[in-house]
Amino acid sequence: MQVGDLVVAKYDLERGIHSVGIITEIKPLTFYERFNIKVCWIGDQLPPLDNCGWWMKEKLKKIE
């Protein structure tokens, strides 16, 4: 995965939720920090500053 990729959360797909996000930042993976991919979710339900968060790569699926 790289900055600019579109992703979905695997758990959301399992629950039938279809929300797309874009990767905006990737930090180096460390032993203590596994949440290293910042995703901004696309949608109009949340204010722009409230719809971003840090994720683990294993929890995301890249949209091909």
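Residues numbered from 1 in each chain as written. Predicted model: local features only at pLDDT ≥ 70, side-chain atom pairs only at ≥ 80, totals over all residues. Heavy atoms only, no water.

S.K.: So what exactly am I meant to see when it comes to the state of the cysteines here?
M.R.: Throughout this description, disulfide means a covalent bond between two cysteine sulfur atoms. Across all of its chains, the model carries one disulfide by this definition. Between Cys-40 and Cys-52 runs a disulfide, and the two sulfur atoms are separated by 2.0 Å. Around the S-S axis, the bridge from Cys-40 to Cys-52 shows a dihedral of about 100° and counts as right-handed. Placement of the pair is Cys-40 in strand β3 (residues 37–41) and Cys-52 in strand β4 (residues 52–55), with a sequence separation of 12 residues. Owing to a relative accessible area of 17%, Cys-40 belongs among the buried residues under this scheme. (Disulfide = S-S within 2.5 Å. Helix = DSSP H or I, 4+ residues; strand = E, 2+ residues; numbered from the N terminus. Buried < 20%, exposed > 50% of the residue type's maximum accessible area, 1.4 Å probe, protein only.)

S.K.: What is the right way to look at the sheet that holds strand β2 (residues 21–26) in this model?
M.R.: Within a sheet, adjacent strands bond to each other through the backbone by hydrogen bonds, running parallel or antiparallel. Pairing is antiparallel across the open sheet formed by five strands, whose spatial order is β4-β3-β2-β1-β5. Looking at which strands have only one partner, the edges of the open sheet turn out to be β4 and β5 (60–62). Between one strand and the next, the sheet's axes are offset by a mean angle of 45°, whatever the strand orientation. (Pairing = 2+ DSSP bridges. Axes fitted to C-alpha atoms, helices over the stretch in contact; angles between N-to-C directions.)

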